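A look at the structure
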Amino acid sequence: MSGPAPDDPIPRHIGNYYLQHCLGSGFSGSIHRAQHIHTGHVVALKLQHVDHECPTNRYERAFYSCIQGGVGMPTLWATGVEGVWDYLALELLGPSLDSLYRHSGKETMDLRSVCCIAMQLIARLEFMHHRGILHRDIQLGNCAIGLPPNQGTIYMIDFGFSKQYIDPFTRRHIQDSNVKRDFIGNYWFSSVAVHCKGRGKLLFPSRRDDLEAVALMLIHLLTPRGLSWTRNGVPKTDSAHERLKREKRHARPEDLCAGLPSEFEEFLRYCRRLAFQECPDYGMWVETFRDLAVENGFGESDTFIWPPPPEDIRKASATFEQYLPTRPLILAPPPGELDGILQGLRDLDLADTQAVIGDLAQVRDAGVLRARGDPANRASNSNNMNGYAWPINNTKAYKLKQLTQQVSLAVDNAALGEAVSGFVVALRSNTSKTMTRDAFLFIDALYKQLADPSVFLIPSRQSRSRSDTSKAVDPREKQDVMVRLCRDVRAAKGNRALGDLVREFGDTIGKDARHWVTKEGFAFLALLAERLQNPC
Ligand SMILES: Nc1ncnc2c1ncn2[C@@H]1O[C@H](COP(=O)(O)OP(=O)(O)OP(=O)(O)O)[C@@H](O)[C@H]1O
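Residues numbered from 1 in each chain as written. Predicted model: local features only at pLDDT ≥ 70, side-chain atom pairs only at ≥ 80, totals over all residues. Heavy atoms only, no water.

Observations concerning the overall build of the protein
Within the protein, the secondary structure is distributed over 19 helices and 10 strands. Burial status across the protein gives 46% buried among its 536 residues. Considering only contacts in the protein between residues 6 or more positions apart, those separated by 24 or more positions represent 66%. (Helix = DSSP H or I, 4+ residues; strand = E, 2+ residues; numbered from the N terminus. Buried < 20%, exposed > 50% of the residue type's maximum accessible area, 1.4 Å probe, protein only. Contact = heavy atoms within 4.5 Å.)

Here is the structure:
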């Protein structure tokens, strides 16, 4: 479809802008650094010949207007046509992710950066989609970082293929259609449904396809040498394109994501399961990738840092603290209080239970003894937030780890009930309400304590083989199970029966790729906590 662009020379100035050097060029035009004649303000000027066969600037200016004000959406400063040139004056940005990745010289991108990209791009799509716009050309070259001080923000660019999916007159979602149509998107990351279905069966892009492109991009960045169909470059002939489509169509999520954290496979499967008009759960996936970053010791921030700090610095919160909330000021105790503290320390009786430092067994035993003997200690164990704690320890993952430890140390049902109540609070502590790996570990520990503290434990999430996802639970079935669990928890005849219910709860949530706890699921947990704390 490419045709020669009319070759009028590019002028020295257009509108109020002096053109400087060329930043990049694409199929339909070129982008130049340009400076405002009066104010000196520097922009990226996207130029296109008015007679170009693919006049994308004409559409883009409308889309840019719709997305102004959003985080990671470039500002549109001016737009117009002068002579034969159609121009858009856009916020000047830094390099694209494609350029950063290529120049890094590495085979893959680091997990922290990929989690940040995931969080930011999903949030960008949420914003655009809420404004009724699909991007339809998600790729690394169309995501650019800002210039300082916005270099941690990823921006979406190139809305030349964008489309409104909400009809402006009816305010309804556009209809799917079987009409044969040309492929719109890019070879590497466009979803399988819009790119590779059989002849004449290409599906219309919708929100799910933008999201699937993000999923493929993330997997590409984590795969040595990238996704297999990208390794021969952009196909130049029809037969090369057909070969690429075949390979892409037949690539199974479990193979594409082998060796990657399971979240990537689950995300890809989730995108592919969405119905044409279904609104993706953006918040849940942002939180899922945030949890993944936290689980790997990278903290909660979605700020993109490039080049990535070395691995040991990334994981050491002490040297990574500039990306964390600042530590509260520790003030000296009021006069007189210090004496009291010192006296208290002198009065401590450490004779019997003092652990020998270095003897792990003894330390563990001492901890267990103290936890078992003193209910107050149990409570403080569950919520170690009374004193000062590093902000990173206040995360959902940290709280869940603490609660799992509390369950393992519990010696009576009251302590287990208390931990379950804490678990509900922790799960609700962010918007996603998803069961993360730490949440599944809590459920496993609880099951073990209730059913038989001596059983060998197969974690409910890990035990699920990849192929099990084909038996994914249907939302209605999941709801039925949760309602039944609520009923059975009241009638259960002892801890073993309660343990079985807990196991079923974990298994059912585990079969749902989203690991989402519904309100019926929370009701079950609340009833379980109550039952454990108040035995009938
Ligand atoms: N706002 C910007 N600031 C700095 N550079 C930019 C900006 N927008 C685009 N670029 C650079 O120019 C290149 C081409 O931009 P863009 O993708 O918008 O143009 P296009 O003509 O639609 O390209 P294509 O045909 O590849 O889709 C980008 O890859 C990027 O490197």
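Anyway, onward from the coordinates.
Points about the site of the ligand
Neighbouring the ligand are 15 residues, the closest being F27, K46, E91, L93 and D158. Take E91: an N or O atom from its main chain is 2.9 Å from a nitrogen atom of the ligand. Take L93: an N or O atom from its main chain is 2.9 Å from a nitrogen atom of the ligand. If the ligand stood free it would expose 610 Å²; the protein chains cover 79% of that surface. Put simply, the parts of the chain that give the shell around the ligand at least two residues each are β2 (17-25) and β4 (42-49). Residues of the shell around the ligand, tallied by class, amount to 7 nonpolar, 5 polar and 3 charged. Shared between two domains, the shell around the ligand takes at least three residues from each, and those domains are domain 1 (13-91) and domain 2 (95-231 + 241-296). (Near = heavy atom within 4 Å. Polar contact = N/O pair within 3.5 Å; in protein donor to acceptor, adjacent residues only side chain to side chain. Areas by Shrake-Rupley, 256 points an atom, 1.4 Å probe, with all protein chains shown as cover. Nonpolar A, V, L, I, M, F, W, Y, C, P; charged D, E, K, R; others polar. Domains from an automatic or database assignment.)

A closer look at the pattern of salt bridges
Within the structure shown, the criterion is met by 19 salt bridges. We note a salt bridge from D98 to R102, for which the minimum N-O separation is 3.1 Å. Here the residue D98 and the residue R102 both occupy positions in helix α2 (residues 97-104), the gap between them amounting to 4 residues, near one helical turn. The partner of R269 in a salt bridge is E254, and the shortest N-O contact between them spans 2.7 Å. Of the two residues, R269 is situated in helix α8 (residues 262-273) and E254 in helix α7 (residues 253-256); the sequence distance between them amounts to 15 residues. Each member of the pair, R269 as well as E254, carries the same accessibility label: buried. (Salt bridge = Lys/Arg side-chain N within 4 Å of Asp/Glu carboxyl O.)

Points about the environment of I138
The topology assignment puts I138 in the loop between β7 (133-134) and β8 (143-145). Once the C-alpha coordinates of I138 and S190 are considered, the two residues, 52 residues apart in sequence, prove to be 7.3 Å apart. Aside from chain neighbours lying at most four places away, what touches I138 is L125, M156, N186, F189, D210, A213, V214 and M217.

Considerations on the pairing of β4
β4 sits mainly inside the fold: 7 of its 8 residues count as buried. Where strand β3 (residues 30-36) meets β4, 6 bridges bridge the pair, whose relative direction is antiparallel. Each residue of the ladder has a partner; that of R33, found in β4, is A44. Pairing analysis gives 7 bridges linking β4 to strand β6 (residues 85-91), with the strands arranged antiparallel. Directly across from H49, in β6, lies its bridge partner W85. (Pairing = 2+ DSSP bridges.)

Here's the deal with the UniProt feature "binding site: ATP" (unreviewed entry) in the protein
Mapped onto the present numbering, the UniProt feature "binding site: ATP" (unreviewed entry) falls at K46. One can find K46 in strand β4. Given a relative accessible area of 12%, K46 falls into the buried group. Those residues in contact with K46, other than ones at most four positions away along the chain, are S30, I31, N57, E60, D86, Y87, L88, L90 and D158. A polar contact is formed between the side chain of K46 and the side chain of E60, at a distance of 2.7 Å. (UniProt positions renumbered as here; feature names shortened; annotations may be inferred.)

Description of the sheet that holds β6
Strands sit in the order β1-β2-β3-β4-β6-β5 across an open sheet of 6 strands; the sheet is antiparallel. A strand with exactly one partner marks an edge of an open sheet, and here the two such strands are β1 (13-14) and β5 (76-82). Together, β4, β5 and β6 form the strand contacts of helix α1 (residues 56-66), whose direction differs from that of β6 by roughly 30°. (Axes fitted to C-alpha atoms, helices over the stretch in contact; angles between N-to-C directions.)

Describing the side chain of Q48
Of note, Q48 is situated in strand β4. Here Q48 falls in the buried class, since its relative accessible area comes to 2%. Each residue touching Q48, except ones within four places of it in the same chain, is listed here: S28, C54, P55, T56, N57, R58, V84, W85 and D86.

Points about the packing of helix α17 (residues 475-491) against helix α19 (residues 519-533)
Running from amino to carboxyl end, α17 crosses α19 at an angle of 10°, the nearest separation of the two axes being 8 Å. Taken together, the axis directions place α17 and α19 in an arrangement best described as roughly parallel. For α17 against α19, the interelement crossing comes out left-handed. Every residue of α19 that contacts α17 at Q479, M482, V483, L485, C486, V489, R490 and A491 is listed here: E520, G521, A523, F524, L527, L528 and R531. Residue classes in the contact of α17 with α19 are distributed as 10 nonpolar, 2 polar and 3 charged. (Parallel < 35°, antiparallel > 145°, perpendicular 65-115°, else oblique. Left-handed = near helix turned anticlockwise from the far one by under 90°.)

Quick word on unusual backbone geometry
A cis amide bond links P148 to the next residue, P149, at an omega of 10°. Position of P149 relative to the elements: it lies in the loop between β8 and β9 (154-156). Look at the link from W306 to P307: it is a cis peptide, with omega at -5°. Relative to the assigned elements, P307 resides in the loop between α9 (282-295) and α10 (311-315). The backbone of R136 shows a phi angle near 70°, a positive value even though the residue is not glycine.

Here we look at the packing of aromatic side chains
Per the counting criterion, the structure on display carries 11 aromatic pairs. Ring geometry for F267 and F289: centres 5.4 Å apart, planes at 80°, overall edge-to-face. Of the two residues, F267 sits in helix α8 while F289 sits in helix α9, which places them 22 residues apart along the sequence. An identical accessibility class is assigned to F267 and F289; each is buried. An angle of 40° between the planes, with centres 6.2 Å apart, marks the rings of W285 and F289 as tilted. Residue W285 and its partner F289 are located together in helix α9, separated by 4 residues, close to a single helical turn. Using a relative accessible area of 2% as the deciding quantity, one classes W285 as buried. With relative accessibility at 0%, the residue F289 sits in the buried group. Here the basic side chain of R428 rests over the ring of F522, its NZ or CZ set 4.0 Å away from the ring centre. (Phe/Tyr/Trp six-rings, centres within 6.5 Å; stacked < 30°, edge-to-face > 60°. Lys NZ or Arg CZ within 6 Å of the ring centre and 35° of its normal.)

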